[in-house]
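# Fold and geometry: a report
Here's the letter readout for the chains.
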Amino acid sequence: MKRITIFYILAICCSLHISAQGLNFSGLLDSTVSFNAGAGDYPNFSYGIEEYANIRMQARIRDSARFDGAFNFIAASGDYALAVNQTAEMADLMGITNSGIALTSFAGSENFIAAIELERIHFRLNFETFDLDGGLMRMPFGYGQVWKPSDFLNPPNPLKPDARPRAVLGAVLTWFPVDDLKLLGFGAAPRDPFSGGGGGLMGISMDQHWEKASLQGLYSFESPQGGSMQGIHRIGLSVKADLEIGLVMDALYAYNHEAKTGLDGLSFSAGVDYSFFGGDLIVLAEYLYNGARSSTAAGYGGGFSNEHYLYSGFTWRFNDFTNAGFALIACFDDVSFTPIISASHELFQGAIVSLSAQIPLDRDLFSGDGNRGELGPLPPDHLQPLLPINGQRIGSYFNCTVKLRLRF
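Notes on the structure in this doc start here. (Residues numbered from 1 in each chain as written. Predicted model: local features only at pLDDT ≥ 70, side-chain atom pairs only at ≥ 80, totals over all residues. Heavy atoms only, no water.)

### With respect to the overall build of the chain
Note the following rule: Under the scheme used here, helices are H or I runs from DSSP no shorter than 4 residues and strands are E runs no shorter than 2 residues, and both carry numbers assigned from the N terminus. Throughout, exposure labels follow a simple rule: accessible area from a 1.4 Å probe, protein chains only, divided by the maximum for the residue type, with under 20% read as buried, over 50% as exposed, and the rest as partly exposed. We call two residues in contact when some of their heavy atoms are within 4.5 Å. To measure how exposed things are, a 1.4 Å probe is used in the Shrake-Rupley method; for residues, cover is taken only from the protein chains shown.
A tally of regular secondary structure across the chain gives three helices and 20 strands. When burial is assessed residue by residue, the chain has 42% of its 408 residues classed as buried. Within the chain, counting contacts between residues at least 6 apart in sequence, those at least 24 apart form 52% of the total. Just so you have it, the chain exposes about 21200 Å², and 62% of that area is on carbon and sulfur atoms.

Structure follows, in structure tokens:
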């Protein structure tokens, strides 16, 4: 499997070198060490080591076409190896694809496991007023900074800020009828790659930009599968404005007639950001309403199980090379929180060292009354099926990662 993957990579590079006007490479290398204080059945102390490289390539073919590709190379040990090993099982339990690096096969060695993952491979054809993209690529939607409900193909998770956005196999037709207006039609293969029937996606979106504001409208239809007579309709609206303060609103409603979707199909976020002291201090707050069958809900593409969340945080820029931040993710339904502390320093151009720590908190941690929260050290019993390790009750009291990132 590994040799076949490497063969295909080399074959693509060679063929492009012959026909394209130069093949350009870029990428990044992350060297990461993590430390974890486990809760429940997880070890009291554990650590992980990961070497991760994302290699991107791009080639222009004449004046009207472009090729883009990207591959991930991973070597992992400890907690990171365990996470990779359990990805496929976790995806089965949740009924979705994990939002991180979803590896289903890897090679084991004496003190690490290694894997290669195809992340992107797609083309773009440029015409006078429209572009055509096709292949394995990212299809982003919405303007939200933290929750981003409109990005239903892979909504981000602020608890996993470094997770790579999931690519989908499909095509996008983009038309620019006038300046500042973009119309987009898209289609994607079913989430289940072995589905020969329903589950495919198609839709349209519109982006209109003004001097200090932007608006995006979105509609998509997911065809029925498994004998169902009804598909899933998704309608989204995203707005951002750059006034004295930055404002953003992002909403997506998913309607499934068979499931009798009501308000639980809505995911809605709204936020503000403002900078002080000439931009040295940036403050951000964003609220999320998460319907039980919405795009941000666990089992429906997202990873959250309650309804009301708030992200608040600030970043302080000491100089052009160093900054630090603090954020708090809160769930109002079960009174649980996860503070996140972060800092980064640019050693030299293209080299950044960073530190991030998460400290899950809930009522049970302080009172021992059994009121465990979703964002606490050990999730409550009704969330245990979402955990990846064979029904074990696992969690974390404290997690810290130190990373060196090199860009080339």
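### Let's talk about the pairing of strand β1 (residues 23-40)
Spelled out, the test is: At least two bridges found by DSSP between two strands are what make those strands a pair.
Pairing between β1 and strand β2 (residues 46-61): 14 bridges, direction antiparallel. Its bridge partner being in β2, Gly-27 is matched across the sheet by Ile-55. Linking two consecutive strands that pair antiparallel, namely β1 and β2, is a turn of five residues. Here 13 bridges tie β1 to strand β20 (residues 394-407), and the two strands are oriented antiparallel to one another. Among the inter-strand pairings, Ser-31 is bridged to a residue of β20, identified as Leu-404.

### Let's talk about the side chain of Arg-120
To be explicit about the condition: Only four residue types enter the charge count: Lys and Arg as positive, Asp and Glu as negative, with His and the chain ends excluded. When a carboxyl oxygen of Asp or Glu is within 4 Å of a side-chain nitrogen of Lys or Arg, the pair counts as a salt bridge.
Structurally, Arg-120 is set in strand β5 (residues 113-126). An unpaired buried charge is present at Arg-120: no salt bridge exists, and Glu-119, the closest side chain of opposite charge, is 4.1 Å distant.

### Here's the deal with the side chain of Asp-131
How we decide: The term polar contact refers here to a pair of N or O atoms within 3.5 Å; inside protein, the definition further demands a hydrogen-donor-capable atom paired with an acceptor-capable atom, and it admits residues adjacent in sequence only when both atoms are side-chain atoms.
Mapped onto the elements, Asp-131 comes out in strand β6 (residues 130-137). Although Asp-131 is buried, it makes no salt bridge; Arg-124 carries the closest opposite charge, 4.3 Å away. Looking at Asp-131, its side chain comes within polar contact range of the side chain of Asn-126, at 3.1 Å. Each residue touching Asp-131, except ones within four places of it in the same chain, is listed here: Arg-124, Leu-125, Asn-126, Val-172, Leu-173, Thr-174 and Phe-176.

### Topic: the packing of aromatic side chains
Note the following rule: Only the six-membered ring of Trp is used, alongside the rings of Phe and Tyr, when aromatic pairs are assigned; centres must lie within 6.5 Å, and planes under 30 degrees apart are stacked while those over 60 apart are edge-to-face, with the rest tilted. Each ring is checked for a lysine NZ or an arginine CZ that lies within 6 Å of its centre and within 35 degrees of its normal; such an atom marks a charge sitting over the ring.
In total, this model carries 11 aromatic pairs according to the counting rule given. Consider the rings of Tyr-274 and Phe-276, whose centres lie 4.8 Å apart with planes at 75°: the pair is edge-to-face. With 6.5 Å between their ring centres and 80° between their planes, Trp-316 and Phe-318 make a pair best called edge-to-face. On the basis of relative accessibility, which here comes to 29%, the residue Trp-316 falls in the partly exposed class. An aromatic cluster of at least three residues, connected via ring pairs, comprises Tyr-274, Phe-276, Phe-277, Trp-316 and Phe-318. One residue, Lys-240, lies across the ring of Tyr-143, its end atom 5.0 Å from the ring centre.

### Structural notes on the pattern of salt bridges
Taken as a whole and judged by the stated rule, the model has 11 salt bridges. We note a salt bridge from Lys-403 to Asp-30, for which the minimum N-O separation is 3.9 Å. Of this pair, Lys-403 sits in strand β20 while Asp-30 is found in strand β1, placing the two residues 373 residues apart along the sequence. Classification of Lys-403 by relative accessible area gives buried; the value is 11%. Look at Asp-30 and you get buried, because its relative accessible area is 4%. Ionic contacts of the salt-bridge type, sharing partners, join the residues Asp-30, Asp-162, Lys-403 and Arg-405 into one network.

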